[in-house]
Every structure is written in C-alpha cells, then in structure tokens.
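# Fold and geometry: a report
The primary structure of each chain is shown beneath.
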Amino acid sequence: MGIGDKAKHTAEDVAGHFKEGVGKATDNEKLEAEGKADQVKADLKKAGDKAKDAFEN
C-alpha cells in the first residue's frame, strides 16, 4: 500500500473530525453527522490498507 493512499485516508479522517467540530460549534446536526460518517469511511479505508499490507508481507 502506498504512502500516498495512507496519507489521503488520514487527511479524510482529519477532515471528518473538522467537519464534525464545525457542526457541533454551529449546532448543525447534518454537518456533524457528515463529519462522523467521513471518519467512519476513512477508518474503514485504513483498516483495508492494514489488511492489504498484512497480505503483501
């Protein structure tokens, strides 16, 4: 797995945290939920990266 993919997935996770925080600060439940969903997607992608790395080695 390339380091670029890992960095991209980490950036998606960070963006999700940011979006969630903005949603909380502005009392925007939709934005908060989108941020949480983005984090879950990024976590799943990271887990997939780890599984691929395990099988490649």
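Quick note: structure is the one above.
Throughout what follows, the structure given in this document is the object of discussion. Since we're looking at a predicted model, the values are computed, not measured.

Moving on: unusual backbone geometry. The residue aspartate 27 is not glycine, and still its phi comes out positive at about 60°. Among the structural elements, aspartate 27 can be located in the loop between helix H1 (3-25) and helix H2 (29-56). A relative accessible area of 66% means that aspartate 27 is categorised as exposed.

The end-to-end C-alpha distance of H1 is 33 Å, a good match for the 33 Å that 23 residues give at a rise of 1.5 Å each. Taken residue by residue, H1 has His9, Asp13, Gly16, Glu20 and Gly23 as its buried positions. Next to the buried residues of H1 lie H2. Positioned one or two residues after H1, aspartate 27 has a phi angle of 60°, which is positive.

Conventions adopted
Residues numbered from 1 in each chain as written. Predicted model: local features only at pLDDT ≥ 70, side-chain atom pairs only at ≥ 80, totals over all residues. Heavy atoms only, no water. Helix = DSSP H or I, 4+ residues; strand = E, 2+ residues; numbered from the N terminus. Buried < 20%, exposed > 50% of the residue type's maximum accessible area, 1.4 Å probe, protein only. Expected span 1.5 Å × (residues − 1). Contact = heavy atoms within 4.5 Å.

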